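Summary of the model geometry
One letter stands for each residue in the lines below.
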Amino acid sequence: MLELRDVSFSADGKEILKDINLVIEDEKFVVVTGPNGGGKSTLARVIAGIEKPDCGQILLDGEDITAWGITKRANSGISFAFQQPVRFKGVTVKDLVSLASGRKLSTEKACEYLSEVGLCAKDYIDREINSSLSGGELKRIEIATVMARKTKLTLFDEPEAGIDLWSFKNLIDVFERMHREIKGSILIISHQERILDIADEIVVISGGRISQVGPKEAVLPEIFRPDACCKYFKEV
Amino acid sequence: MLSDIIKNLLSEVAGLQSIPTAGAFNIRSNGKSAGRNSTDTIQIVPKENGSGIDIYVKSGTKDESVHIPALVTETDLHDVVYNDFHIGEGADVTIVAGCGIHNCGCGISQHDGIHRFFVGKNAKIKYIEKHIGEGDGHGQNIINPQTHIIAEENSYVEMDTVQLKGVDSTKRISSAKLAAGATVVIKEKIKTHGKQYAETSFDVDLDGEGSSAKLISRSVARDNSRQLFRSKLSGNQACYGHSECDAIIMDHGIVAAEPEIIANNVDATLIHEAAIGKIAGEQLTKLMTLGLTEQEAEAQIINGFLK
């Protein structure tokens, strides 16, 4: 279980997150949504240890991890899929998936992860993660790396952004399969209605604060109210 | 009987565990021949003035290799050697050269290997060159290789050159003249540290129609080391030339790139790309989110970059 208590974060004199209190229960599928610039990505980065909160506490299974760095959090079971995946000259897809899994993977095993995200494994396994790969290809490799980690908490920052010809349904299938097989918690930052629709819980962040949180059945109707002041979700 | 030092250098430079019992090879140790063998198809002949060797590869020779490592284990030694490779038409061979220095003294140990390649029509060679330095003395290890290639019609030359440790100073000069349809691909990997200095110079003349050249340099400069990359591609016919210099700088390392591309023909296509910078913070962050420490992430990025 992950818990955030009164977490605030500011950058360049501007408050990005204000007094965030949130609990992610084990095996829950949580989607964080809200308007652009509202603090969603920062929340995920704070959980992963990439950003340090100004105040507040972060607890993982009851242990205070607020002071822990990125590596220690990763090794304690937190994975993070970047919104804009990083390129590496010389590092191959197989290298990265092996690093993610924490062991030297056979080509066959590495190929399994790539196949799950719709990439023809033999065409990609030895490719360098460089500018020869498209944004959509990189995004799917990014998803494969966090799948290979099989951790108890996986964070996805706008996984749908840049997904190219691969159908959206496949992306949903990947999340559902991960949720079913790994039995960890999944936190996805997304604007997409179809991703919101498979959530157990939805968190709405706006202006750095949590404005709504609760089961999908309770929150979705609020988001889609005809008189809702801000429509930030996207229909697929 | 080879000493452990020589055995280790042989292994590092040429992948040989001892002096071979077959195949074509010439092992040079402290300026003298330590072993030589010719085959029916690859003849190694010492030059009359003793300054080096001529290697003759018969036309049509396929899937054979020749090893010619040079080793220096004495301090205060400046070894200069001139080796000429005559590759017959249609041959397809691998040449493994390179130099290893073990300097335990206070003087300079230096090896200058000047290699010329005369590559016949339709011939194909892969030239592998690895340079290393070691030893716990205070003397400098210096390696100044030169590689000059004359590539005849439709020949293909691939050169892989690597220097990853222990060479205090190097000036690496390479040139190529390409006839019609000839191709040269040069891949260079260099890592410097401490106060080391590495200078690379490529000068390629694309003289024949349809000739092409690709120069790829990847390097890492850390501590207070310095590197200079120079490349000059001259397109004198309808041809294609591409040079690429990628460098990672760390600590107080310095890398300079001085590319020059000259199109002397309206149908010449020449490209140069250069990128010099430190390891991107987001690369470290990504690998740390996979559970690597910052130091492990840095090592992974550099190893991949120079792989």
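As the structure is a computational prediction, the values presented were derived from the model and not from experiment.

Helix and strand counts for chain B stand at three helices and 22 strands. When contacts within chain B are restricted to residue pairs at least 6 apart in sequence, those whose partners lie at least 24 apart make up 80%.

Helix packing for two helices is described by the angle between their axes and how far apart those axes are. All names here are of chain B. Where helix α2 (residues 281-288) contacts helix α3 (residues 294-305), the axes come no closer than 9 Å and their chain directions differ by 115 degrees. You can see that α2 and α3 cross each other, and the crossing is right-handed. Counted together, Q283, L284, L287 and M288 of α2 and E294, A297, E298, Q300 and I301 of α3 form the full contact between these two elements. Residues belonging to the contact of α2 with α3 are distributed by class as follows: five nonpolar, two polar and two charged.

Residues and elements named next belong to chain A. The four strands lie next to each other as β2-β1-β4-β5, forming an open sheet whose pairing is antiparallel. Because the sheet does not close on itself, it has two edges, and the strands there are β2 (14-24) and β5 (63-64). Summarising the sheet, strand β1 (residues 2-11) and strand β4 (residues 55-60) pair through five bridges and their orientation is antiparallel. Note that in β4 the partner of L2 across the bridge is L60. Packed on one face of the sheet, helix α1 (residues 40-48) meets β1, β2 and β4 and runs near 65 degrees to β2.

Turning our attention to the nonpolar core. The nonpolar side chains of a soluble globular protein tend to be buried, and buried together. I47, V97, L114, A144, L155 and L187 of chain A are the most contacted members of the largest nonpolar core, which totals 86 residues. A total of seven residues in this core trace back to one element, the largest contributor, which is helix α6 (residues 135-149) of chain A. Ignoring any residue separated from it by four or fewer positions in sequence, one finds L114 of chain A in contact with V93, L119, A121, Y124, I125 and A144 of chain A. In this structure, L10, I68, I101 and L270 of chain B belong to the second largest nonpolar core, which totals 55 residues.

Turning next to the environment of L196 of chain A. Residue and element names in this part refer to chain A. Mapped onto the secondary structure, L196 falls in helix α8 (residues 193-196). Classification of L196 as partly exposed rests on a count of 19 C-beta atoms within 10 Å. A C-alpha to C-alpha distance of 21 Å links L196 and K152, two positions 44 residues apart in sequence.

What follows deals with the interface of chain B and chain A. With 18 residues of chain B at the interface, the matching set in chain A holds 19 residues. For the side of chain B that touches chain A, the element with the highest residue contribution is α2 of chain B, accounting for six residues. Considered class by class, the residues forming the side of chain B that touches chain A number seven nonpolar, seven polar and four charged.

Turning next to the packing of helix α4 (residues 107-116) of chain A against α6 of chain A. Residue and element names in this part refer to chain A. Two numbers describe how α4 lies on α6: the axes approach to 9 Å, and their chain directions differ by 125 degrees. Classified by the interaxial angle, the pair formed by α4 and α6 is oblique. You can see that α4 and α6 cross each other, and the crossing is right-handed. Along the contact surface, α4 presents Y113, L114 and E116, while α6 presents A144, M147 and A148.

What follows is about the domain arrangement of chain B. Residues and elements named next belong to chain B. Taken domain by domain, chain B holds domain 1 (1-145) and domain 2 (168-307). Distance between the C-alpha centres of domain 1 and domain 2: 24 Å. Of the residues lining the interface, seven residues belong to domain 1; the matching set on domain 2 comes to five residues. With three residues, strand β12 (residues 141-143) is the single largest residue contributor to the side of domain 1 that touches domain 2. A per-class count over the side of domain 1 that touches domain 2 returns three nonpolar, four polar and no charged.

On to the pairing of β4 of chain A. All names here are of chain A. Across two bridges, the pairing between β4 and β5 is antiparallel. The residue bridging L60 from the neighbouring strand is E63, located in β5. The hairpin formed by β4 and β5 contains two residues between the paired strands, and D61 there has a positive phi angle of roughly 50 degrees.

A few words on α4 of chain A. Residues and elements named next belong to chain A. Among the residues of α4, A110, C111, Y113 and L114 are the ones counted as buried. In a view along the axis of α4, the buried residues occupy a sector of 155 degrees, so they form one face of it. Turning to α4, the residues buried within the fold contact α3 (93-101), α5 (121-124) and α6. Positive backbone phi, approximately 80 degrees, marks G118, located one or two places after α4.

In any sheet, the strands associate via hydrogen bonds between backbone groups, in a parallel or an antiparallel arrangement. Residues and elements named next belong to chain A. Taken together, the six strands give an open sheet; going across it, the order is β6-β9-β10-β3-β11-β12, and neighbouring strands pair in mixed fashion. Taken across any chain shown, the strands that pair with only one partner, and hence form the sheet edges, are β6 (78-81) and β12 (209-215). Going across the sheet, the axis of each strand differs from the next one's by a mean of 15 degrees, ignoring polarity. With four bridges joining them, strand β3 (residues 29-33) and strand β10 (residues 185-189) adopt parallel strand pairing. From the neighbouring strand, V31 faces β10, where its bridge partner is I188. Packed onto the sheet, α6 meets β6 and β9 (153-157) and runs at close to 170 degrees relative to β6. Those strands touched by helix α7 (residues 168-182) are β3, β9 and β10, and its axis lies near 155 degrees from that of β10.

Calculation criteria
Residues numbered from 1 in each chain as written. Chains lettered and ligands numbered in written order. Predicted model: local features only at pLDDT ≥ 70, side-chain atom pairs only at ≥ 80, totals over all residues. Helix = DSSP H or I, 4+ residues; strand = E, 2+ residues; numbered from the N terminus. Contact = placed C-beta atoms within 7 Å. Axes fitted to C-alpha atoms, helices over the stretch in contact; angles between N-to-C directions. Left-handed = near helix turned anticlockwise from the far one by under 90°. Nonpolar A, V, L, I, M, F, W, Y, C, P; charged D, E, K, R; others polar. Pairing = 2+ DSSP bridges. Core = buried A, V, L, I, M, F, W, Y, C linked by C-beta atoms within 7 Å. Buried ≥ 20, exposed ≤ 12 C-beta atoms within 10 Å, placed from the backbone. Parallel < 35°, antiparallel > 145°, perpendicular 65-115°, else oblique. Domains from an automatic or database assignment. Arc of directions from axis to C-beta.

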